[in-house]
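Architecture and fold: a report
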Amino acid sequence: MTLARQRAHALRDSFVAAGAQAVEPPILQPADLLLDLYGEDIRARAYVTSDALRGEQMLRPDFTVPVVQMHMSNGAEPARYTYAGEVFRRQEEDPDRANEFLQVGYEVFDRTDPAAADAEVFALIADAISTLSLRAATGDIGVLMAAVDGLDTSERRKAALRRHIWRPRRFRALLDRFSGRSDVPETRAALLAGEAHTDAPLTGLRSQAEIDARIAALHADAAEPPLSGAQMDSLDALLNVRETLPFALAQMHNLCVDLPAIRPAVKRVDARAEALSARGVDVDNLEFEASFGRTSMEYYDGFVFGFYAEQRPDLPPIASGGRYDALTRRLGSGQEIPAVGAVIRPGLLVELEATP
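For clarity, every value in this text was computed on a predicted model and none was experimentally measured.

For the rest of this paragraph, the subject is the pattern of salt bridges. The full count for this structure, using the stated rule, is 20 salt bridges. In this structure, the salt-bridge partner of Asp149 is Arg162, at a minimum N-O distance of 2.7 Å. One end of the pair, Asp149, is in helix 5 (residues 141–149); the other, Arg162, is in helix 6 (residues 155–163), with 13 residues separating them in the sequence. Of the charged contacts, one joins Glu155 and Arg162 as a salt bridge, the two residues approaching to 2.4 Å between their closest N and O atoms.

Listed below in structure tokens is the structure:
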């Protein structure tokens, strides 16, 4: 047994001792579910195969989705789960990054006190990797989601922004377009002016009705008034919040004046800070970044965090996690439960511990 696997089993056993139930989700997962959750982007990072009876299957890119499925199907609440095993990610740009590696995780399904559950997971992971001096970073996707929901614009535009929160460059491009800060692309301007050729023969998969509906949507969007400069300035200020947690909270409370929709989400950050402090976490020196977690898995919708080896910037997070309440609604067939979890990469732990 390798050192990494030994470490993985030891971590899993420590989580069992903390009250979690050990589970072993199947390695092969239905691809249609994961593609529906994440879109086609996940296909570029996952190994997909086909089965005559079961259709497209995917080597699990992570454990969270199958654990949520399992819990929502027959799990009692509250519940805590742990697991240890391989996950698989294609690496087409960096041949030095592993395409198969071990993950150990801890997942909490508990509606009693979400702030306390967030603190429980963070503190347990921090303790499990305390042999290394790692930098901890935190954020909260829910604050940015609330800011988008509160914008004075159409639901169509809000939906587009929510969809691209996890794609920062696309999100920024949409904001610039919706606020009038960027010019309308020439091809779109020509289409809106009626100068584009729309009578060409149909050669793609879209029907004429779908094309007409898209053109109508573009006209409706063009008629929308731009986001105000005040709203954009406040949103930019929120996106730029990057401080230790107390100072970040002070900034976000000030922004509640101009972005009142974020107030409930900021109060949740307040409650979490108190719960973290009660768990012995040094919140006065804990980093908080409003944009943190926006390139992670798209199911996170609240608290997000990661632990990094500053001496090895080439490495991914040694541990990471977050809250995914919306995922339980998506997979719960009408049921839902607040949920938060995290994973550790034991292979990276062993590698760093062996470094002089």
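Their axes nearest at 8 Å, the elements helix 5 and helix 12 (residues 263–278) cross at an angle of 165°. When the axes of helix 5 and helix 12 are compared, the pair comes out roughly antiparallel. In this structure, helix 5 meets helix 12 at a crossing whose hand is left-handed. When helix 5 is examined against helix 12, the residues Gly142, Val143 and Ala146 are found in contact with a partner set consisting of Ala265, Val266 and Val269.

This part is about the pairing of strand 4 (residues 55–59). In terms of strand pairing, strand 2 (residues 28–30) meets strand 4 through three bridges, oriented antiparallel. Residue pairing for strand 4: Pro30 is matched across the bridge by Gln57. Note that strand 3 (residues 48–51) and strand 4 share four bridges and pair antiparallel. Bridged to Ser50 within strand 4 is Glu56. What sits between the antiparallel neighbours strand 3 and strand 4 is a turn of three residues.

This part is about the environment of Glu310. Along the chain, Glu310 falls in the loop between strand 10 (303–308) and strand 11 (319–323). A relative accessible area of 60% places Glu310 in the exposed class. Through-space distance from the C-alpha of Glu310 to that of Ser133 is 8.7 Å; in sequence the pair is 177 residues apart.

What follows deals with the sheet that holds strand 2. Read across the open sheet, the three strands follow the order 2-4-3; overall the sheet is antiparallel. Looking along the sheet, the strands with just one partner apiece sit at the ends: strand 2 and strand 3. Neighbour to neighbour, the strand axes of the sheet diverge by 45° on average, direction disregarded.

What follows is about the confidence of the model for the protein. The share of residues in the protein with pLDDT of 70 or more is 83%, and the mean pLDDT across the chain is 86. Across the protein, the element-wise mean pLDDT spans from 61 in helix 8 (residues 186–192) up to 98 in helix 12.

Where helix 5 meets helix 10 (residues 229–239), the axes come as close as 11 Å, and the angle between the chain directions of the two elements is 175°. Taken together, the axis directions place helix 5 and helix 10 in an arrangement best described as roughly antiparallel. Along its contact with helix 5, which presents Val143, Leu144 and Ala147, the element helix 10 presents Leu235, Leu238 and Leu239. For the contact of helix 5 with helix 10, a count of residues per class yields six nonpolar, no polar and no charged.

About the thresholds
Residues numbered from 1 in each chain as written. Predicted model: local features only at pLDDT ≥ 70, side-chain atom pairs only at ≥ 80, totals over all residues. Heavy atoms only, no water. Salt bridge = Lys/Arg side-chain N within 4 Å of Asp/Glu carboxyl O. Helix = DSSP H or I, 4+ residues; strand = E, 2+ residues; numbered from the N terminus. Axes fitted to C-alpha atoms, helices over the stretch in contact; angles between N-to-C directions. Parallel < 35°, antiparallel > 145°, perpendicular 65-115°, else oblique. Left-handed = near helix turned anticlockwise from the far one by under 90°. Contact = heavy atoms within 4.5 Å. Pairing = 2+ DSSP bridges. Buried < 20%, exposed > 50% of the residue type's maximum accessible area, 1.4 Å probe, protein only. pLDDT = per-residue confidence, 0-100. Nonpolar A, V, L, I, M, F, W, Y, C, P; charged D, E, K, R; others polar.

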